[in-house]
Every structure is written in C-alpha cells, then in structure tokens.
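# Fold and contact review
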Amino acid sequence: MKTTLTLGASLALLAFGATSASAVVLVDYAMTATVSPSNAVINVNPTVTAANVTAPALVNQSGSTASGSFVYNGGTDTVSSWATTFSSAATTYAGAFVANNYFTFSITPDAGYQLDLTSITFQVASGSSSASDRAFYLVTASSPSGFTSTSTVLSTDRTTTGGGAIPLQAATATNTIPKDYTVDLTSFTGITTTQYFRFYLQTPTINQALTFDDIIVNGTVSAVPEPATYASLAGVIALGFVACRRRKQKV
C-alpha cells in the first residue's frame, strides 16, 4: 500500500508541476531603428515576445508612436523619445495623471495560460540637455479604466536638475548613458487576462521629452492547471493521510 501511494503521489505531483515554467523574458522593447542617426524611424514593436504571450507596440495616450529617437552609448544604442503635449510644473503623479500624458503597452497570456511576473527593467534619460525638471511615473492596472490619480506608483524619478537621478542628454547625444531601473513585480501572480502598463510623463513646457530604452518584463508563463489536476492531487494526499493514520493506529 505504501509503495502504491508513494507512486500515485509522485505522478500527481509531476502532473501538477508540469504546469510550471522557468523565468523568461516575457516581452522586450529594444527600441531598434531602421537607420542609426538620431530621429530615425524607431521600432517600438516588441523585439522579443515569449511563447503564449501577446504584446502590442508602444503608443502614447493618443495611440501614436514615439515622437523621435536618439542614438546613445557611443552610437551603439537607439532610444525612443516621447514628447509631452502639455505644460505642468508640478512634479507629482496626480498632476501627471490629470494632464493625461503617457505612453503605454500591455501583456496578455494566451487562453489557457497564466503569467507570474517577477520584474520590469528599463532605461531613462532626459531628451535634451535643457536644465528642466522632468519626471516619469510607472503604474499598472488590469484594465484601461483601472488607472486613477491614486494608483500605486511602481517607479518614479526626476531629472538631476529637479533633484532626481535621470541623466540629462549630453551635449553630444551619442555620449549619453541612460539610467537603469529595476522594479519588483513578484506580487503580480496568476494573471490570466491583460495587464496594462503606463509611463506617465511630466515636463514644464510642451514638446519636451524623456527617452526610454530596453523596456523588459520578466516572469513565467505556464498552462493553467485543469481542475481535475487539483482534484487528483487532493485525492492522493487525502489517501496518504488515511494510510498514515492507519499505520499509526496499528502501532
């Protein structure tokens, strides 16, 4: 009896574990361009998308693509430039939300699959050497209507002239090195519908920009366990408890 139960439990656990997966890059926006000079046509489609995951191109609040691009890191890296269409001197998320200036993307698991997010990484720099106080605010929601003025800000920073750490664009754009950011997303688990992300932007005058690069969402994608899998596992565990209790009673 003991051998049979052990084998059954092992098979049930294997069936349950088959739904898991190793951590992978779920989506990567590497900001490639068709040519290398600044203001080239930027590619804001994902350059990497994991199997059983869908992610659209980056767009702003009007559904438009990036306003331009720059070449950073010694001319080896193209970044996307997102210009604002409002003037806001208040560096607060609530102010940026009301101004409604952002760019966005989403990530969706295929039917029958779920996502467990681990982190999002990205790079940011000021789109100009102008000494202005610019800021970004990263927020997420499970629907477009889920974004509010009190949404939790996952990450925020301001330009160095505003007291933050976002680097200003160097006099020669190619010499600019964006700042790296990493945000923990391990609280976002078991996602079976679309998860939306927005970078709200704030600049003191219109048409100023922040540049972004290498936006990467990491995590796992796995098949959603069938109810029968849970029932089988629960049944085997229950039998194991009964057998263990009977052995103790005999002793």
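Everything numeric in this text was worked out from a predicted model, so none of it was measured.

It is worth spelling out the confidence of the model for the chain at this point. When pLDDT is averaged along the chain, the result is 85, and 79% of the positions lie at 70 or above. In the predicted structure, residues 1-18 sits below a pLDDT of 50 and forms 14 contacts with residues beyond four places in sequence or in another chain. Segment residues 229-236 is flagged for pLDDT under 50; beyond a separation of four residues in sequence, or across chains, it makes 12 contacts in the model.

Tracing the backbone shows Ile216 in strand β13 (residues 209-223). Separated by 191 residues in sequence, Ile216 and Val25 place their C-alpha atoms 6.9 Å apart.

What follows covers the nonpolar core. Proteins that are soluble and globular tend to have nonpolar side chains buried together. Ranked by internal contacts, the top residues of the largest apolar core, which has 35 residues, are Phe105, Ile120, Phe122, Phe136, Phe212 and Ile215. Mapped by element, the contributors of at least two residues to this core are β1 (24-29), β7 (102-109), β8 (113-126), β9 (135-141), β11 (179-184), β12 (195-202) and β13. Excluding residues that lie within four positions of it along the chain, Phe122 makes contacts with Phe136, Leu138, Ser155, Lys179, Asp180, Tyr181, Val183, Phe199, Asp213, Asp214 and Ile215. Counting 9 residues, the second largest nonpolar core, distinct from the first, contains Ala96, Tyr137, Ala141 and Tyr200.

Under the criterion given, the structure shown has 18 aromatic pairs. Measuring from centroid to centroid gives 4.4 Å for Trp82 and Phe103, while their planes differ by 10°, and the two rings are stacked. One end of the pair, Trp82, is in strand β6 (residues 77-83); the other, Phe103, is in strand β7, with 21 residues separating them in the sequence. Ring geometry for Tyr93 versus Tyr200: centroids 5.6 Å apart, planes at 85°, classification edge-to-face. Of the two residues, Tyr93 is situated in helix α2 (residues 93-99) and Tyr200 in strand β12; the sequence distance between them amounts to 107 residues. Each member of the pair, Tyr93 as well as Tyr200, is classed as buried. An aromatic cluster of three or more residues is present, and its members are Trp82, Phe103, Phe122, Phe136, Tyr181, Phe199 and Phe212. Positioned above the aromatic ring of Tyr181, the side-chain terminus of Lys179 is 5.2 Å from the ring centre. The ring of Tyr102 has Arg198 lying over it, and the distance from NZ or CZ to the ring centre is 4.2 Å.

What follows deals with unusual backbone geometry. If you check the backbone angles, Asn52 has positive phi at about 65° while not being a glycine. Classification of Asn52 by relative accessible area gives partly exposed; the value is 27%.

Next up on the list: the pairing of β13. Counting buried positions along β13 yields 13 of 15 residues, so the element is predominantly enclosed. As paired strands, β1 and β13 are joined by 5 bridges and run antiparallel to one another. Opposite Val25, over in β13, you have Asn218 as the bridge partner. Two elements, β6 and β13, share 4 bridges in a ladder whose sense is antiparallel. When the sheet's bridge partners are listed, Ser81 is paired in β13 with Thr211. Bridge count for β8 against β13 is 12 bridges, and the pairing is antiparallel. Within β13, the residue paired with Asp116 across the bridge is Thr220.

Reading the values: the criteria
- Residues numbered from 1 in each chain as written.
- Predicted model: local features only at pLDDT ≥ 70, side-chain atom pairs only at ≥ 80, totals over all residues.
- Heavy atoms only, no water.
- pLDDT = per-residue confidence, 0-100.
- Contact = heavy atoms within 4.5 Å.
- Helix = DSSP H or I, 4+ residues; strand = E, 2+ residues; numbered from the N terminus.
- Core = buried A, V, L, I, M, F, W, Y, C linked by side-chain atoms within 4.5 Å.
- Buried < 20%, exposed > 50% of the residue type's maximum accessible area, 1.4 Å probe, protein only.
- Phe/Tyr/Trp six-rings, centres within 6.5 Å; stacked < 30°, edge-to-face > 60°.
- Lys NZ or Arg CZ within 6 Å of the ring centre and 35° of its normal.
- Pairing = 2+ DSSP bridges.

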